[in-house]
Amino acid sequence: MFERKTSKQPPQEPIPAVTPKTEPVVNKASTIAKRLEGVLAVIGSKVKVNGDIISSEDLLVEGEVTGTITLTDNELVVGTSGRVQANISAKTVRIEGEVKGDVDGSERVVICASGNVQGNVSSPRVMLEDGGRFKGSIDMGGSKPAVTAKPAPSSAPEVHSIDKAG
């Protein structure tokens with residue numbers, strides 16, 4: 001009455017263990033570290049500065065600055081959350097946020113797609129990415145005199161010939 005029925009079923013293949021796909025954990029600190037690679041000084045997003053900034057280090061501005069910024073031989077990056085109301089003078093300037101004031105880049109100025117500049121830009125190389133906003137004038141150094149190459153002095157002694165005629 002209670003007999004087991006034995007049926008011959010084909011052996012089942014073992015079910016492979018399913019490992020859930022895990023997305024790589026994005027560490028906010030490592031993302032910020034990559035963003036700051038090569039940048040030595042930072043003005044954070046919750047920092048407000050009123051006055052003059054003079055630096056001999058690269059600078060990232062994510063906060064608010066009012067006054068002047070001078071980085072003679074270094075790079076200034078105005079980050080996406082950066083708000084600057086200042087005249088800027090630096091070797092290279094990259095604007096991802098908002099700048100109201102004149103910008104002087106001795107090498108280049110880049111206004112990124114997220115950037116907004118209201119002021120005059122002076123630099124030998126100026127780049128405005130698609131989507132970047134700009135209101136002002138651009139001077140790409142047309143008034144500076146061109147430097148002409150001078151021939152290098154010869155290291156060989158000069159030879160003079162003397163003609164002994166009559």
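Keep in mind that this is a model prediction, so the values were computed, not measured.

### Considerations on the overall build of the protein
In terms of regular secondary structure, the protein is built from one helix and 12 strands. Residues counted as buried form 26% of the 166 residues belonging to the protein. Considering only intrachain contacts with a sequence separation of at least 6, the fraction spanning at least 24 residues in the protein is 4%. As displayed, the protein offers around 13,000 Å² of accessible surface, 53% of which is attributable to carbon and sulfur atoms.

### A few points about the pairing of strand E5 (residues 83-95)
The sheet contact formed by strand E4 (residues 64-78) and E5 spans 12 bridges and is parallel. Bridge pairing in E5 links Glu75 to Thr92. Pairing geometry for E5 and strand E6 (residues 98-100), over three bridges, is parallel. Counted as the bridge partner of Val84 is Val99 from E6. Sheet topology note: the E5/strand E7 (residues 103-111) ladder contains seven bridges and is parallel. Residue Arg94 lies in a different strand from E7, and its bridge partner there is Val110.

### As for the nonpolar core
Residues Leu59, Ile69, Leu76 and Val84 are the most contacted members of the largest nonpolar core, which totals 22 residues. Elements with a minimum of two residues in this core: strand E1 (41-43), strand E3 (59-61), E4, E5 and E7. Broken down by element, the residue count for this core peaks at six residues, all from E5.

### Topic: the confidence of the model for the protein
Overall, the prediction assigns the protein a mean pLDDT of 80, with 61% of residues at 70 or greater. Contacts from residues 143-149, a stretch scored under 50 in pLDDT, to residues over four places away or in other chains number zero contacts.

### Re the environment of Ile88
Structurally, Ile88 can be placed in strand E5. For Ile88, a relative accessible area of 3% translates into the label buried. With residues up to four places along the chain from it excluded, the contact list for Ile88 reads Ile69, Leu76, Val93, Val99, Asp102, Val103 and Asp104.

### Things to note about the pairing of E7
When E7 meets strand E9 (residues 121-122), the two strands line up parallel, connected through two bridges. Residue pairing across strands places Asp104 opposite Ser122, the latter belonging to E9. Where E7 lies against strand E10 (residues 126-128), three bridges are found, and the strand directions are parallel. Note on E10: the bridge partner recorded for Val109 is Val126.

### Things to note about the environment of Asn74
Mapped onto the elements, Asn74 comes out in strand E4. With residues up to four places along the chain from it excluded, the contact list for Asn74 reads Ser55, Ser56, Glu57, Asp58, Ala90, Lys91 and Thr92. A polar atom in the side chain of Asn74 sits 3.3 Å from the side chain of Asp58.

### What to know about the pattern of salt bridges
One pass over the structure, following the stated rule, counts four salt bridges. A salt bridge links Lys100 to Glu98; the nearest nitrogen and oxygen atoms lie 3.8 Å apart. Residue classification places Glu98 among the partly exposed positions, given a relative accessible area of 25%. Taken together, the salt bridges that share partners define one network made up of Arg83, Glu98 and Lys100.

About the criteria used
- Residues numbered from 1 in each chain as written.
- Predicted model: local features only at pLDDT ≥ 70, side-chain atom pairs only at ≥ 80, totals over all residues.
- Heavy atoms only, no water.
- Helix = DSSP H or I, 4+ residues; strand = E, 2+ residues; numbered from the N terminus.
- Buried < 20%, exposed > 50% of the residue type's maximum accessible area, 1.4 Å probe, protein only.
- Contact = heavy atoms within 4.5 Å.
- Areas by Shrake-Rupley, 256 points an atom, 1.4 Å probe, with all protein chains shown as cover.
- Pairing = 2+ DSSP bridges.
- Core = buried A, V, L, I, M, F, W, Y, C linked by side-chain atoms within 4.5 Å.
- pLDDT = per-residue confidence, 0-100.
- Polar contact = N/O pair within 3.5 Å; in protein donor to acceptor, adjacent residues only side chain to side chain.
- Salt bridge = Lys/Arg side-chain N within 4 Å of Asp/Glu carboxyl O.

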